[in-house]
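Topology and contacts: notes
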Amino acid sequence: MKRLLIAVLMCSVMIMAACSGGESLTWYETKEEAIQEGVISEGAGGYAVLSVEEYDGETFIFYEYNDALGVASIAESDKGYAWYRSSAYYGFEGDSPIHTIGFQTETYSRFEVAVIAGAVNDSAITSVHVAGGEPLDIHGPSGFFYLIHDGTVELTEVEAVEG
């Protein structure tokens, strides 16, 4: 009986430890401070932020890190604001004039969004459009571009325009 009680207690402790192992976030007073400190914590440097995008009440940060594209979001709570990254970095290599990928990313509040992203590797390409819509910004020497969407856009709808 004593062994059974010890085994139950040990299992309970392990389950409690596993359930309490959530993300440890550092909270700041402002969104701007969370972004600035988040980029530093990633090791990406001060000029790495490509843009800050608002989508459906959530804040997303697109930034460059070691020739790859990073996506993070800002968590909000009564504690303030925190940097949160749930997805990997995305690199684009090869000789193709344009690379595109689609992926999902999730915020701290578990809100999921779809992203189409890519890189332009050809100076003849002056803009990128999705499904004939407005042109996407092509960012600096990296050539990164991206679009947060509702999941209805296909990679085949990304068009490079020369000219």
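Conventions we followed
- Residues numbered from 1 in each chain as written.
- Predicted model: local features only at pLDDT ≥ 70, side-chain atom pairs only at ≥ 80, totals over all residues.
- Heavy atoms only, no water.
- 1 Å grid on protein atoms, 1.4 Å probe; cavity = no way out; pocket = protein on both sides within 12 Å on 5 of 7 lines; lining within 4 Å.
- Points joined across faces, edges and corners; volume = space filled by probe spheres on them.
- pLDDT = per-residue confidence, 0-100.
- Helix = DSSP H or I, 4+ residues; strand = E, 2+ residues; numbered from the N terminus.
- Contact = heavy atoms within 4.5 Å.
- Pairing = 2+ DSSP bridges.
- Axes fitted to C-alpha atoms, helices over the stretch in contact; angles between N-to-C directions.
- Polar contact = N/O pair within 3.5 Å; in protein donor to acceptor, adjacent residues only side chain to side chain.

In this structure, the largest pocket occupies an estimated 170 Å³ of space. Lining the largest pocket, in full, are Glu53, Glu54, Tyr55, Phe62, Leu136, Asp137, His139, Tyr146, Leu147 and Ile148.

The pLDDT averaged across the protein works out to 86; a share of 85% of its residues lies at or above 70. Within the protein, helix α1 (residues 2-19) has the poorest average pLDDT of any element, 38, and strand β4 (residues 80-84) the best, 98. This model gives residues 1-21 a pLDDT under 50, and the stretch forms zero contacts once residues within four places in sequence are excluded.

To continue, consider the sheet that holds strand β6 (residues 98-106). With antiparallel pairing, the three strands of this open sheet are ordered in space as β6-β7-β10. One side of each edge strand has no neighbouring strand; the edge strands of this open sheet are β6 and β10 (144-149). Sheet twist, expressed as the average angle between the axes of neighbouring strands with direction ignored, equals 20°. With nine bridges joining them, β6 and strand β7 (residues 112-120) adopt antiparallel strand pairing. Pairing of Glu106 across the sheet is with Glu112, part of β7.

Secondary-structure assignment places Glu53 in strand β1 (residues 49-55). C-alpha of Glu53 to C-alpha of Ser73: the two residues are 20 residues apart in sequence and 9.2 Å apart in space. Not counting residues within four places of it along the chain, the set of residues in contact with Glu53 comprises Glu58, Thr59, Phe60, Phe62, Tyr146 and Ile148. A polar atom in the side chain of Glu53 sits 2.7 Å from the side chain of Ser51.

The final tally for this structure, using the stated rule, is one cavity of 30 Å³ or more. Lining the largest cavity are Phe60, Val71, Ala72, Ser73, Tyr84, Arg85, Ser86, Thr105, Glu106 and Thr107. At the level of secondary structure, the elements contributing two or more residues to the lining of the largest cavity comprise β3 (68-77) and β6.

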